[in-house]
Amino acid sequence: MSEKAHIGFVGTGVMGKSIVKHLLNGGHEVSIYTRTKEKAEDLLELGAKWAETPGEVASQVEIIFTMVGYPSDVAEVYNGANGIFENGKEGLIVVDLTTSTPTLAIDLYKKSQALNMSSLDAPVSGGDVGAKSGKLSIMVGGDKEVFDKLFPIFELFGEHIIYQGNAGAGQHTKMANQIAIASTMIAACEAITYAKEAKLDPELVLKSITKGAAGSWSLTNLAPRMLKDDFEAGFYMKHFIKDMGIALDESKKMNLTLPGLEMAYEMYQSLANQGFENEGTQSLIKAYQK
């Protein structure tokens, strides 16, 4: 798809806003909807067009991306009276970037097929940093020919863009991603806590260990924020808890026990209960502070 397309985007939050900017910079016409219009004013100033509902967006465009908070939000955006399926035209390609459930992804795929539309589940990883730089990892499930058609658009905001298989495969891959992050976040917090207790300079420690075998995205990008007491959300704690809950549910269906994931989930849930759910995932360090 080398020609310029009319693209819709529903959900211009922390990451969605940056993705829309990349689409605009790529020369595409973009129509948007988000719950609070005021939060999208900067996108409108850049040339995005406003729509009053997800359905209004869907009625105008060839491709529509969604990136909302929870599976229940995804279901409403697609299945509601003012939603995408009720108002979109035949031939519409729908792409859900939300981290949601594989079951819902398969359901959206089947409904889109019945309406002569196409559907991809394409959750992303990389947080606000990856979204701003246009270097997100994108994990895609659905029909390969649809993925191939949209690949040039994915390239506008993604760096590692991999087709994983049939509908739901993108969401399953994102669960594997979140499981890996859950344990590495614990590791990052414990490394920093140990360094401080050993009377080391934690910034110097990070310079050493981020470049060695212990290196991880969390250590490189989030551990420095922990040291600065910067808990602003690049990715909300409450959304990570949602993701881990999905992963735990899927694991139970497969008769898997994942103790590292269970521990991280309990630690984050405890912090959320203390009122930190709207902070970033790096706030896990608070569980180790005396």
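Up top you'll find the structure we're talking about.
The structure contained in this document is the topic of the report that follows. (Residues numbered from 1 in each chain as written. Predicted model: local features only at pLDDT ≥ 70, side-chain atom pairs only at ≥ 80, totals over all residues. Heavy atoms only, no water.)

### Observations concerning helix H9 (residues 169-197)
Filter applied, for reference: The way it works is that DSSP assigns letters per residue, a run of H or I at least four long becomes a helix, a run of E at least two long becomes a strand, and they are numbered from the N terminus. By this rule the span expected of a helix is its residue count minus one, scaled by 1.5 Å.
Between its first and last C-alpha atoms H9 spans 43 Å; for 29 residues at 1.5 Å apiece the expected length is 42 Å, and the two agree. Directly beyond the C-terminal end of H9, a positive phi value near 65 degrees is found at Lys 199.

### Points about the side chain of Thr 66
Definition in use: Here a polar contact is taken to be a pair of N or O atoms separated by no more than 3.5 Å, where protein atoms must pair a possible hydrogen donor with a possible acceptor and residues adjacent in sequence count only if both atoms sit in side chains. Throughout, a contact is declared for two residues whenever any of their heavy atoms are within 4.5 Å.
By the element assignment, Thr 66 lies in strand S4 (residues 63-66). At a separation of 2.8 Å, a polar atom in the side chain of Thr 66 contacts the side chain of Tyr 78. Excluding anything up to four places from it in sequence, Thr 66 contacts Val 10, Val 77, Tyr 78, Ile 84, Val 95, Asp 96, Leu 97 and Thr 98.

### Things to note about the nonpolar core
The condition that has to hold: Take the buried residues of types Ala, Val, Leu, Ile, Met, Phe, Trp, Tyr and Cys, join any two whose side-chain atoms come within 4.5 Å, and each joined set is a nonpolar core. To sort residues, take the accessible area from a 1.4 Å probe on protein chains only and compare it with the maximum for the residue type: under 20% means buried, over 50% means exposed, and anything in between is partly exposed.
By size, the foremost hydrophobic cluster in this structure holds 52 residues, and its most contacted members are Phe 9, Ile 32, Phe 65, Val 95, Leu 97 and Phe 154. The residues touching Val 95, leaving out its near neighbours within four places in the chain, are Ile 63, Ile 64, Phe 65, Thr 66, Tyr 78, Leu 120, Ala 122, Leu 150 and Phe 154.

### A look at the environment of Asn 177
Residue placement: Asn 177 occurs in helix H9. Sequence spacing of Asn 177 and Phe 157 is 20 residues, and the spatial spacing of their C-alpha atoms is 19 Å. Not counting the four nearest positions on each side in its chain, Asn 177 is found in contact with Ser 125 and Met 139.

### Overview of the packing of aromatic side chains
Put simply, the rule is: Working definition: rings of Phe, Tyr and Trp (its six-membered ring) pair if their centres are within 6.5 Å, and the pair is stacked with planes under 30 degrees apart, edge-to-face with planes over 60 apart, and tilted otherwise. Sitting over a ring, as applied to charges here, requires NZ of Lys or CZ of Arg to be within 6 Å of the ring centre and within 35 degrees of the ring normal.
The final tally for this structure, using the stated rule, is eleven aromatic pairs. For the ring pair Tyr 33 and Trp 50, a centre distance of 5.8 Å and an interplane angle of 35 degrees mean the geometry is tilted. Of the two residues, Tyr 33 is situated in strand S2 (residues 29-33) and Trp 50 in strand S3 (residues 49-50); the sequence distance between them amounts to 17 residues. Here Tyr 33 falls in the buried class, since its relative accessible area comes to 18%. Between the aromatic rings of Phe 154 and Phe 157, the centroid separation amounts to 6.1 Å while the plane-to-plane angle is 70 degrees, which identifies the pairing as edge-to-face. Side by side, Phe 154 and Phe 157 carry an identical accessibility label, which is buried. An aromatic cluster of three or more residues is present, and its members are Phe 9, Phe 65, Phe 147, Phe 151, Phe 154, Phe 157 and Tyr 163. When the ring centre of Phe 231 is taken as origin, the NZ or CZ atom of Lys 286, which lies over that ring, is 4.3 Å away.

### Examining the packing of H9 against helix H13 (residues 259-276)
Just so we agree on the cut-off: Axis definition: a line fitted to C-alpha atoms, over the contacting stretch in the case of helices. Angles run 0 to 180 degrees between N-to-C directions. An angle below 35 degrees is treated as roughly parallel, one above 145 as roughly antiparallel, one from 65 to 115 as roughly perpendicular, and anything else as oblique. Crossing chirality is assigned from the near helix's rotation relative to the far helix, an anticlockwise turn below a right angle marking it left-handed and a clockwise turn marking it right-handed. Gly is placed with the polar residues, together with every amino acid not listed as nonpolar (Ala, Val, Leu, Ile, Met, Phe, Trp, Tyr, Cys and Pro) or charged (Asp, Glu, Lys and Arg).
One can describe the packing of H9 onto H13 by two numbers: an axis separation of 9 Å at closest approach and a directional angle of 65 degrees. Looking at the two axes, H9 sits roughly perpendicular to H13. Here the hand of the crossing between H9 and H13 comes out left-handed. Between H9 and H13, the contacting residues are Ile 179, Ala 182, Ser 183, Met 185 and Ile 186 on the first element and Gly 260, Leu 261, Met 263, Ala 264, Met 267 and Tyr 268 on the second. Counted by class, the contact of H9 with H13 contains nine nonpolar, two polar and no charged residues.

### Digging into unusual backbone geometry
You will see that Asn 116, though not glycine, has its phi angle at about 60 degrees, which is positive. With respect to the helices and strands, Asn 116 occurs in the loop between helix H6 (102-114) and strand S6 (118-121). You can call Asn 116 partly exposed: its relative accessible area is 47%. A positive phi angle, near 55 degrees, is found at Asp 229, a position not held by glycine.

### A closer look at the pattern of salt bridges
Operational definition: When a carboxyl oxygen of Asp or Glu is within 4 Å of a side-chain nitrogen of Lys or Arg, the pair counts as a salt bridge.
Under the criterion given, the structure shown has ten salt bridges. Between Asp 148 and Lys 144 there is a salt bridge, with its nearest N and O atoms 2.9 Å apart. Pair noted here: Asp 148 and Lys 144 are both in helix H8 (residues 144-154), with a separation of four residues, about one helical turn. Given a relative accessible area of 39%, Asp 148 falls into the partly exposed group. By relative accessible area, which is 38% here, Lys 144 ends up partly exposed.

### Considering the packing of helix H12 (residues 237-253) against H13
At a closest axis distance of 10 Å, the pairing of H12 and H13 adopts a crossing angle of 145 degrees. Of the two possible hands of crossing, H12 and H13 adopt the one that is left-handed. Touching Met 237, Phe 240, Ile 241, Met 244, Gly 245, Ala 247 and Leu 248 of H12 are Leu 261, Glu 262, Ala 264, Tyr 265, Tyr 268, Gln 269, Leu 271, Ala 272 and Phe 276, all from H13. Along the lines of polarity and charge, the residues of the contact of H12 with H13 split into 13 nonpolar, two polar and one charged.

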